[in-house]
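The residues making up each chain are set out below.
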Amino acid sequence: MEIRLFNSWSDQIESFTPIQPGQVSLYVCGPTVYDFVHIGNMRPVVVFDVLRRLFEYLGYQVTYVSNYTDIDDKIIAKAMSEHRSEREVAEFFITAYEDNVNRINSKLPTATPRVTEFVSEIVAYIKGLVDKGAAYVVDGEVFFQVSSIPDYGHLSHMKTDDLIVGARVEESGKKKSPLDFFLWKKTEKGLSFDSPWGKGRPGWHTECAVMIDSIFKEKIIDIHGGGFDLKFPHHDNEIAQSLAQHGTRLANIWMHNGFINLNDDKMSKSTGNILTAKDALATIGGPALRLMLLSTHYRLPVNFNQSFLETARAEVNKMTAAIKQLAVTLQLAGRDIEGRYPLLIDDFIKALADDLNTSNALTSVYDLIKLAHRSLRENKPDYERMGSYFFTLKTMFHILGLDINYPRLTEDDRSLFERYQAKKAARDYEGSDPLRTELIRRNIL
RNA sequence: GGUUCCUUAGCCAAGUGGUAAGGCAAUUGACUGCAACUCAAUGAUCGUCGGUUCAAUUCCGAUAGGAACCUCCA
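All of the points below concern the structure found in this document. (Residues numbered from 1 in each chain as written. Chains lettered and ligands numbered in written order. Predicted model: local features only at pLDDT ≥ 70, side-chain atom pairs only at ≥ 80, totals over all residues. Heavy atoms only, no water.)

**A word on the overall build of chain A**
How we decide: Each helix is a run of DSSP H or I of at least 4 residues and each strand a run of E of at least 2, with the numbering of both proceeding from the N terminus. Burial classes follow relative accessibility: with a 1.4 Å probe on protein chains only, a residue under 20% of its type's maximum area counts as buried, one over 50% as exposed, and anything between as partly exposed. By definition, residues are in contact when any of their heavy atoms lie within 4.5 Å. All accessible areas in this document rest on Shrake-Rupley with a 1.4 Å probe, and a residue is counted as covered only by the protein chains that are shown. In this tally Asp and Glu are treated as negative and Lys and Arg as positive; neither His nor the chain ends contributes. We put the charge of a Lys on NZ, of an Arg on CZ, of an Asp on CG and of a Glu on CD.
Counting its regular elements, chain A contains 15 helices and 13 strands. If you line up chain A on its principal axes, its C-alpha atoms span 90 × 50 × 35 Å. Across the 445 residues of chain A, 51% fall into the buried class. In chain A, the share of contacts with a sequence separation of at least 24, taken over all contacts with a separation of at least 6, comes to 77%. For chain A, the accessible surface area stands at approximately 20400 Å², while carbon and sulfur atoms represent 49% of it. Of note, chain A has its 53 positive side-chain charges centred 5 Å away from the centre of its 59 negative side-chain charges.

**Observations concerning the protein's contact with RNA strand B**
Heads up, the condition is: The nearness test applies per residue and asks whether one of its heavy atoms lies within 4 Å of the molecule or strand. Within 3.5 Å is the distance limit for a polar contact, defined as a pair of N or O atoms, with the added protein rule that one can donate a hydrogen and the other accept it, and that residues adjacent in sequence qualify only through two side-chain atoms. Residues are grouped as follows: nonpolar covers Ala, Val, Leu, Ile, Met, Phe, Trp, Tyr, Cys and Pro; charged covers Asp, Glu, Lys and Arg; every other residue, Gly included, is treated as polar.
In the vicinity of RNA strand B lie 49 residues, with Lys-74, Gly-227, Lys-266, Glu-315 and Asn-360 positioned nearest. The share of sugar and phosphate among atoms of RNA strand B within 4 Å of the protein is 61%. Arg-374 is positioned with one of its side-chain polar atoms (N or O) 2.6 Å from a phosphate oxygen of RNA strand B. Interatomic distance of 3.4 Å between a side-chain N/O atom of Tyr-429 and a base nitrogen of RNA strand B. At the level of secondary structure, the elements contributing two or more residues to the surface near RNA strand B comprise α5 (160–166), β9 (221–227), α10 (306–332), α12 (358–377) and α15 (429–441). Ranked by residue count, the leading element in the surface near RNA strand B is α12, at eight residues. Taken together, the residues of the surface near RNA strand B sort by class into 14 nonpolar, 22 polar and 13 charged.

**With respect to helix α6 (residues 204–215)**
Worth spelling out the cut-off: Here, expected helix span is obtained from the residue count minus one, scaled by 1.5 Å.
An ideal rise of 1.5 Å per residue puts 16 Å on 12 residues; α6 measures up with 17 Å between its terminal C-alpha atoms. Burial of α6 is extensive: nine of the 12 residues sit out of reach of the surface. All buried positions along α6 are accounted for by His-205, Thr-206, Glu-207, Cys-208, Ala-209, Val-210, Met-211, Ile-212 and Asp-213.

**Some points on the pairing of β9**
Selection rule: A pair of strands counts as paired when DSSP detects no fewer than two bridges linking them. Handedness rule for crossovers: strands pointing away from the viewer, path from the first strand over the helix to the second running clockwise, crossover right-handed.
Across the seven residues of β9, seven count as buried, placing the element largely inside the fold. Pairing geometry for strand β3 (residues 23–28) and β9, over three bridges, is parallel. The residue of β9 that forms the bridge with Val-28 is Gly-225. Strand direction decides the pairing type here: β9 and strand β10 (residues 251–257), joined by six bridges, are parallel. Along β10, the bridge assignment pairs His-224 with Trp-254. Crossover connection from β9 via helix α7 (residues 231–246) to parallel β10: handedness right-handed.

**As for the pattern of salt bridges**
How we decide: By definition here, a salt bridge exists when the distance from a side-chain nitrogen of Lys or Arg to a carboxyl oxygen of Asp or Glu is within 4 Å.
A complete count under the given rule lists 28 salt bridges for this structure. Glu-56 serves as the salt-bridge partner of Lys-107, at 2.7 Å between the closest nitrogen and oxygen. Pair noted here: Lys-107 is in the loop between α3 (86–103) and α4 (119–131) and Glu-56 is in helix α1 (residues 42–57), with a separation of 51 residues, a long-range link. Using a relative accessible area of 28% as the deciding quantity, one classes Glu-56 as partly exposed. Linking Lys-174 and Glu-141 is a salt bridge whose minimum nitrogen-to-oxygen distance equals 2.9 Å. Of the two residues, Lys-174 is situated in the loop between α5 and β7 (181–186) and Glu-141 in strand β6 (residues 141–144); the sequence distance between them amounts to 33 residues. Overlapping salt bridges bring together Asp-412, Asp-413, Glu-438, Arg-441 and Arg-442 as one network.

**Observations regarding unusual backbone geometry**
Here the bond from Phe-232 into Pro-233 is cis, since omega is 0 degrees, no more than 30 degrees from zero. Position of Pro-233 relative to the elements: it lies in helix α7. Despite not being glycine, Asp-139 shows a phi value in the positive range, around 50 degrees. Summarising the element assignment, Asp-139 is placed in the loop between β5 (135–138) and β6.

**Observations concerning the packing of helix α11 (residues 346–353) against α12**
This is how it is decided: Inter-axis angles, ranging from 0 to 180 degrees, are taken between N-to-C directions of lines fitted to C-alpha atoms, where helices are fitted over the stretch in contact. Each angle gets one of four labels, with under 35 degrees taken as roughly parallel, over 145 as roughly antiparallel, 65 to 115 as roughly perpendicular, and the rest as oblique.
The geometry of α11 relative to α12 is characterised by a closest axis approach of 7 Å and an angle of 170 degrees between their N-to-C directions. What the angle tells us is that α11 and α12 run roughly antiparallel. For the pair formed by α11 and α12, the contact residues are Asp-347, Phe-348, Ala-351 and Leu-352 on the first element and Thr-358, Asn-360, Ala-361, Ser-364 and Val-365 on the second. Tallied by class, the residues present in the contact of α11 with α12 amount to five nonpolar, three polar and one charged.

**Considering empty space enclosed by the protein**
To keep it simple, the criterion reads: Only protein atoms enter the 1 Å grid, on which a cavity is a set of points fitting a 1.4 Å probe that cannot get out and a pocket is an open set with protein on both sides within 12 Å along at least 5 of 7 lines, lining residues being those with an atom within 4 Å of a point. Grid points are joined across faces, edges and corners, and a volume is the space filled by probe spheres set on the points.
This model, assessed by the stated rule, comprises four cavities of 30 Å³ or more. Roughly 50 Å³ of internal volume is contained in the largest cavity. Along the walls of the largest cavity sit Val-47, Val-50, Leu-293, Leu-294, Thr-296, Tyr-298, Leu-356 and Thr-358, which together make up its complete lining. Looking at the lining of the largest cavity, the elements that each hand over two or more residues are α1 and α9 (286–294).

**Digging into the nonpolar core**
Under the convention used in this document: What makes a nonpolar core is a set of buried Ala, Val, Leu, Ile, Met, Phe, Trp, Tyr and Cys residues whose side-chain atoms join them at distances within 4.5 Å.
Ranked by internal contacts, the top residues of the largest apolar core, which has 87 residues, are Phe-55, Ile-223, Phe-304, Phe-348 and Leu-393. The element best represented in this core is α10, accounting for 10 residues. Residues contacting Phe-304, with those up to four places away along its chain left out, are Ile-39, Ile-260, Asn-261, Leu-262, Asn-263, Leu-289, Met-292 and Leu-293. Grouped together as the second largest cluster of nonpolar side chains are 43 residues, Trp-9, Cys-208, Val-210 and Phe-216 included.

**Some remarks on α12**
Under the convention used in this document: This arc corresponds to the set of directions leading from the helix axis out to the C-beta atoms.
Its 20 residues give α12 an end-to-end C-alpha distance of 29 Å, which sits within 8% of 28 Å, the value for a rise of 1.5 Å per residue. Buried within α12 are the following residues: Thr-358, Ala-361, Leu-362, Ser-364, Val-365, Leu-368, Ile-369, Ala-372 and Ser-375. Looking straight down α12, one finds its buried side chains confined to an arc of 150 degrees; they lie on one side. Exposed residues lying more than 90 degrees from the buried face of α12 are Lys-370, Arg-374 and Arg-377. Elements that come into contact with the buried residues of α12 comprise α9, α10, α11 and α13 (383–400).

Written as structure tokens, this is what we have:
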């Protein structure tokens, strides 16, 4: 199966070829853990999880790394204002974040390294950049010299001359150029680490480059992902460091997810137009929230509003009802629902393999649900076919990460259902209605 | 100023150089003891104006409106 992915590096859809056959190395920039994340942070969590599940379904072994930035100015500020250690602050918000990841039914990455665990590797990496003449030390701080990279800004189509003209950054007197960025920052308060340049902490742009360098064997990985906003400067800066260090662009494929807007506006803390992931999960629920994120192509912005939310809920109900009815019908007919049946999943996989076209993949889901309902209404049901619909649907939900369950009937459930049907057939509605209520309570009907 | 992106029925949304998938909502019908679920049917000259073409929603140009990045914001 050919997998095609849009590569921000080339601005084209490319056929994916792994560096190591049968394996995929994937890195996605993770959160800075100084506060509760908002729903926007859930988009990469869902998008790259689906990508990983697709690869795994197709038999690839996926190494998926996503970092936690557990030391930076905001964390230090938070720690000081709350009289806690930076470590406690980070720990608290990592736990909260992973709870969100679980509730939206994404798998945790195969590794979630923290910056504070990689300080010695970061120091060694920075030393290497200084030795190679790509970085310079000024007064206990180390800066990356952007001008040492001829093609700097390739990913974001930024030209250094334009950047300098439009730079809104106030020039730091220490930097040779306003575009140069911190690799090592001197800190006077809060948690700091020893280095050859004095006490300080790593710069944000350098941590991702170092983790990829340390964790993966190759000097270039298959896929690097993150939000659109990270393209510049963050990803271009990662690339610049890797070019200086190893002469590689860090990742073959660069993927960027679009943003989530709220009621047609960008989410922003200052205007209060914000929805935290934990609140969204509590009120909307994991499956509906995940479905909202999957109903639009990952590169386009998605706008959250009330009617969209209600649509997602209705669709989740529809999916739930379909798989439940299939499961119950099959079990009452004595079929094994945990077994394997033929899959009718080609169109679905093809859609996902086409740059993760989840909209079209969902269309395959709806098509199958329609077929399933038709088969449920037949007078002489073909249970083999029904089992195939069930198994396919279950597999699709698994790949999309939609946590939609179906009942496993106990003997008691079965007998209850049979009594209900018997009374109903005998038109004893007074007798059957309480049984129906109980079946509904048990989530069987 | 520089760089990207978006505009398809009330809402969400796919797609292609040859006259527009799917879902939600709505209306009608079917099924039904009632309800839920379900099934069937019904809706769009694809922002506007030009150009290329036998043919454009799809390519090119312009224009209107909207958005993002250039600020350690996914």
